Amino acid sequence: MTALTVAGLTLREAARRRVVWALLALTVVLLALSAWGFTKLVGLDTDLGTMTSGEARLVASLLLNLIMFGLSLIAAIGTAFLAGPTLAGEVESGQALAVLARPVRRSSVLLGKWLGLIGFGAGYVVLAGLGEIVVVRVTVGYWPPSPAAGLALLAAQTVVLLTLALLLSSVVSPMASGIIAVGLFGATWVAGVVGGIGGALGNEGVERVGTVSRIILPTDGLWRGAMNAFQDPFALVQMGPGEGGFPFLSEGPLAPAYLVWAAVWIAVIWGLTALSFSRRDV
């Protein structure tokens, strides 16, 4: 009961922060620009001739992955900088002492804040992503093969980053926790691109960079699973050999074992956060 109450208060507090309005403005601009761009695809004159509706749908599936990455980046920045003030900010300002001085378990407060932030971050990704999918459907006529799975994986990616940001905010300042979380998110994505290029070139050592990074921080692995759910099933055939080096094309769906690992990773990091928060002076 305490956790649900704190979750509701966290959602209410998050909605009052300016970062929410910034997220909303960025999302509206991104959706509007993408809608304008997609309307220009069908009938576009290129060096290879006029683009047909089938070619436009193929290009739209790749652009959809690009735009979804933009949405996931917006969510990453927003949730990371919300998680820091929610935990570390309240400790530094003394607000946490007013709550924890009562007979309330710290783990319940932490769980409530985690649930509230997850509701905000995952909800944003799902709604914004669904809006983009509808835009592509209306403008180009393309509908992803597994939109529900793709949106769920994007939400899971947000949960991973949010859990990491909470852990960081339990040991460092709010600003530092957000910067580190977003930096690790970007570094893991770059490592995944490098690993894809290594795989396309047949270099196992370079390819291993992406594999190891996806194990250490599952954000890029979940993102690649989401891309596979959004992209045209014939995109791999159309792109030809060496497609693994293309950053917005996924070679295949995620293995169930990786999804289990992502869930275990979240549980372990949350447990470390609870341990760190229980020992922190407020």
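Keep in mind that what you see is a predicted model, and the values were worked out from it rather than measured.

*Asks:* Explain the overall build of the chain here, please?
*Replies:* For the chain, the count of helices and strands is 11 helices and two strands. Order of helices (α) and strands (β) in the chain, N terminus to C terminus: α-α-β-β-α-α-α-α-α-α-α-α-α. In the chain, buried positions account for 47% of the 282 residues. A separation of at least 24 residues holds for 80% of the contacts in the chain among residues at least 6 apart in sequence.

*Asks:* Sorry if this is basic, but what is going on with the side chain of S61 here?
*Replies:* Of note, S61 is situated in helix α3 (residues 53-93). Reaching out from S61, the side chain makes a polar contact with the backbone nitrogen of D232 at a distance of 3.4 Å. In this structure S61 touches Y142, F230, Q231 and D232, once residues within four positions along its chain are discounted.

*Asks:* I keep staring at helix α11 (residues 256-279) and nothing clicks. Help me out?
*Replies:* One full turn of an α-helix is made of 3.6 residues, so residues set three or four places apart face in the same direction. For α11, built from 24 residues, the straight-helix expectation of 34 Å at 1.5 Å per residue is met to within 8% by its first-to-last C-alpha distance of 35 Å. Residues Y258, A262, W265, I266, I269, W270, T273, A274, S276 and F277 constitute the buried set of α11.

*Asks:* When you look at the packing of aromatic side chains in this model, what are you seeing that I'm missing?
*Replies:* Think of a pair of aromatic rings as described by two things: how far the centres are apart, and how the planes are tilted against each other in angle. Scanning the model with the defined rule gives four aromatic pairs in all. Ring centres of F69 and W223 lie 5.5 Å apart, and the angle between their planes is 55°; on these two criteria the pair is classed as tilted. A residue pair is termed long-range when its members are at least 10 positions apart, and F69 in helix α3 and W223 in helix α9 (residues 219-230) qualify at 154 residues. Note on F69: relative accessible area 12%, which makes it buried. Centre to centre, the rings of W114 and W270 are 6.4 Å apart; their planes meet at 70°, and the pair counts as edge-to-face. In this pair, W114 is assigned in helix α5 (residues 106-139) and W270 in helix α11, connecting sequence segments 156 residues apart. Residue W114 is classed as buried on the basis of its relative accessible area, which comes to 14%. Grouped by ring-pair contacts, the aromatic residues F69, F185, W189 and W223 constitute a single cluster.

*Asks:* Help me understand a nonpolar patch on the surface, please; the structure alone is not making it clear to me.
*Replies:* A surface patch of nonpolar side chains, amounting to about 580 Å² of accessible area, comprises I215, V260, W261, V264, V268, L272 and L275. Inspection of the secondary structure assignment puts L275 in helix α11.

*Asks:* Explain the nonpolar core to me, please; I cannot follow it from the model alone.
*Replies:* Across soluble globular proteins, nonpolar side chains have a tendency to be buried as a group. Ranked by size, the top nonpolar core spans 62 residues in total, and within it F38, M68, W223 and F230 carry the most contacts. Elements represented by at least two residues in this core include exactly α2 (18-39), α3, α5, α6 (147-169), α7 (174-201), α9 and α11.

*Asks:* I tried to follow helix α8 (residues 204-216) on my own but got confused; where do I start?
*Replies:* For α8, built from 13 residues, the straight-helix expectation of 18 Å at 1.5 Å per residue is met to within 8% by its first-to-last C-alpha distance of 18 Å. Two or three places before G205, at the start of α8, stands the capping residue N203, its side-chain oxygen 3.1 Å from that residue's backbone nitrogen.

*Asks:* Explain the packing of α7 against α9 here, please?
*Replies:* Put simply, α7 and α9 touch, their axes get as near as 8 Å, and they point 60° apart. By the criterion of interaxial angle, the relationship of α7 to α9 is oblique. Both α7 and α9 take part in a crossing whose hand is right-handed. Of the residues in α9, those touching α7 at F185, T188, W189, G192 and V193 are T219, D220, W223 and R224. Tallied by class, residues from the contact of α7 with α9 come to four nonpolar, three polar and two charged.

*Asks:* Where do I start with the pattern of salt bridges in this structure?
*Replies:* Note that side chains of opposite charge can pair when their charged atoms are close. Per the stated rule, a full pass over the model turns up two salt bridges. Notably, a salt bridge pairs R214 with D220, separated by 3.3 Å at the nearest N-O pair. Residue R214 shares its accessibility class with D220, and that shared class is buried. With a shortest N-O distance of 3.1 Å, D220 and R224 are connected by a salt bridge. In this pair, D220 and R224 both sit in helix α9, four residues apart, roughly one turn of the helix. The exposure class assigned to D220 is buried, which follows from its relative accessible area of 2%. Overall, the relative accessible area of 13% leaves R224 in the buried class. Residues joined in a network through salt bridges with shared partners are R214, D220 and R224.

Analysis parameters
Residues numbered from 1 in each chain as written. Predicted model: local features only at pLDDT ≥ 70, side-chain atom pairs only at ≥ 80, totals over all residues. Heavy atoms only, no water. Helix = DSSP H or I, 4+ residues; strand = E, 2+ residues; numbered from the N terminus. Buried < 20%, exposed > 50% of the residue type's maximum accessible area, 1.4 Å probe, protein only. Contact = heavy atoms within 4.5 Å. Polar contact = N/O pair within 3.5 Å; in protein donor to acceptor, adjacent residues only side chain to side chain. Expected span 1.5 Å × (residues − 1). Phe/Tyr/Trp six-rings, centres within 6.5 Å; stacked < 30°, edge-to-face > 60°. Patch = residues over 30% accessible without salt bridge, like charges linked within 9 Å, V, L, I, M, F, W, Y side chains within 5 Å. Areas by Shrake-Rupley, 256 points an atom, 1.4 Å probe, with all protein chains shown as cover. Salt bridge = Lys/Arg side-chain N within 4 Å of Asp/Glu carboxyl O. Core = buried A, V, L, I, M, F, W, Y, C linked by side-chain atoms within 4.5 Å. Axes fitted to C-alpha atoms, helices over the stretch in contact; angles between N-to-C directions. Parallel < 35°, antiparallel > 145°, perpendicular 65-115°, else oblique. Left-handed = near helix turned anticlockwise from the far one by under 90°. Nonpolar A, V, L, I, M, F, W, Y, C, P; charged D, E, K, R; others polar.

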